[in-house]
Amino acid sequence: ACVEAFRGEEGMAGAPLTQLTLDAEGRLYFTTAGDGYSVYDGAGWRKFVKANEGIKGNAVRGAVVGPEGALWAVTDGGVQRIVAPNRPPQVLPDSGVASIRALYAARNGELWVAGEGASVWDGESWTPLTAEDGLLDGVVQAIAEDSRGRIWLGTSVGVSIWNGAGFVNLTEEAGLPSGNIQALLPDGEAMWIGSAGGGLYRF
């Protein structure tokens, strides 16, 4: 049963929700497609929408909390690291990835972004990953990390798995029931793979 419902509370952003994520203190981040983001600390909501108040760009396409507790977000203002809602964000240089759809903060501290291609931020610079590195030639729609630290990229034509040196690819030709991958979720030694129209698989 639903324990609590929040609708139009003071401090809640008003545009369509794009992402929910939690930080290490249990605060809930609720990002939107045009009204910035809100933070719920268990007692109330606080909204951050101005460009100089915690985030640059109010259309938040995705967000994730990294292992160190910072919030990573991608907006029309770029990829940014937010250490506190009341402090200006660190805006990263251009990642080289067009139409970013997914971002993931890996356990080793790297930030992965993906869309039309993929790129990884090591804290100082971006390293783009393309078809020349073995990435499947499709739009990347989901990112996850397995128990061995490999990064899985779900694309519109299959799954590319980064092992630190190159990609191993799973496609329909290799037995994947559907190539249009929308979601990835690690589960111990297994990976759940959600597709568009082809079902849900456990690999």
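First things first, this report covers the structure right here in the doc. (Residues numbered from 1 in each chain as written. Predicted model: local features only at pLDDT ≥ 70, side-chain atom pairs only at ≥ 80, totals over all residues. Heavy atoms only, no water.)

**Observations concerning the pairing of strand 7 (residues 78-82)**
Strand direction decides the pairing type here: strand 6 (residues 71-75) and strand 7, joined by five bridges, are antiparallel. Looking at the pairing, L71 lines up with I82 of strand 7. Joining the antiparallel neighbours strand 6 and strand 7 is a turn of two residues. Relative to strand 8 (residues 90-91), strand 7 runs antiparallel, the two sharing two bridges. Across the sheet, the residue bridging to R81 is Q90, located in strand 8. (Pairing = 2+ DSSP bridges. Helix = DSSP H or I, 4+ residues; strand = E, 2+ residues; numbered from the N terminus.)

**Focus on the sheet that holds strand 11 (residues 126-129)**
The three strands are arranged 9-10-11 in an open sheet whose pairing can be described as antiparallel. Of all the strands in the sheet, the pair left with one neighbour each is strand 9 (98-105) and strand 11. With direction set aside, neighbouring strand axes in the sheet form an average angle of 35 degrees. Sheet analysis places strand 10 (residues 111-121) next to strand 11, joined by four bridges and oriented antiparallel. The residue of strand 11 that forms the bridge with S119 is P128. (Axes fitted to C-alpha atoms, helices over the stretch in contact; angles between N-to-C directions.)

**Considering the pattern of salt bridges**
Enumeration according to the criterion identifies six salt bridges in this entry. Salt-bridge contacts for E25 lead to R27; the nearest nitrogen and oxygen are separated by 3.4 Å. Two residues, E145 and R107, come together in a salt bridge whose shortest N-O distance is 3.6 Å. Residue E145 is located in strand 12 (residues 140-145), and its partner R107 is located in the loop between strand 9 and strand 10; the two are separated by 38 residues in the primary sequence. Beyond isolated ion pairs, a larger network of salt bridges with shared partners links D23, E25 and R27. (Salt bridge = Lys/Arg side-chain N within 4 Å of Asp/Glu carboxyl O.)

**A look at the sheet that holds strand 2 (residues 28-32)**
With antiparallel pairing, four strands are arranged side by side in an open sheet as 1-2-3-4. With one partner strand each, in any of the chains shown, strand 1 (17-22) and strand 4 (45-48) form the two edges of the open sheet. On average, adjacent strands in this sheet sit at an angle of 20 degrees to one another, irrespective of strand direction. Pairing of strand 1 with strand 2, which is carried by five bridges, proceeds in the antiparallel orientation. Of the residues in strand 2, the one forming a bridge with T21 is Y29.

**Examining the pairing of strand 5 (residues 60-65)**
Taking burial as the measure, the six residues of strand 5 include five buried ones, the bulk of the element. For strand 5 and strand 6, the ladder comprises five bridges, and the chain directions are antiparallel. Each bridged residue has a counterpart across the sheet, and for A63 the counterpart in strand 6 is A73. Connecting strand 5 to the next strand, strand 6, in antiparallel fashion are five residues, including G69 with a positive phi near 100 degrees. (Buried < 20%, exposed > 50% of the residue type's maximum accessible area, 1.4 Å probe, protein only.)

**A short note on the side chain of T31**
The topology assignment puts T31 in strand 2. Within the local environment of T31, its side chain forms a polar contact with the side chain of T18, the two groups lying 2.7 Å apart. Excluding anything up to four places from it in sequence, T31 contacts P16, L17, T18, Q19, G36, Y37, V60 and A63. (Polar contact = N/O pair within 3.5 Å; in protein donor to acceptor, adjacent residues only side chain to side chain. Contact = heavy atoms within 4.5 Å.)

**As for the layout of surface pockets**
As a volume, the largest pocket reaches approximately 170 Å³. The wall of the largest pocket is formed by 13 residues, among which Q19, A63, V64, A102 and L103 lie closest to the centre. Looking at the lining of the largest pocket, the elements with two or more residues in it are strand 1, strand 5, strand 9 and strand 12. The element contributing the most residues to the lining of the largest pocket is strand 9, with four residues. Tallied by class, residues from the lining of the largest pocket come to eight nonpolar, four polar and one charged. (1 Å grid on protein atoms, 1.4 Å probe; cavity = no way out; pocket = protein on both sides within 12 Å on 5 of 7 lines; lining within 4 Å. Points joined across faces, edges and corners; volume = space filled by probe spheres on them. Nonpolar A, V, L, I, M, F, W, Y, C, P; charged D, E, K, R; others polar.)

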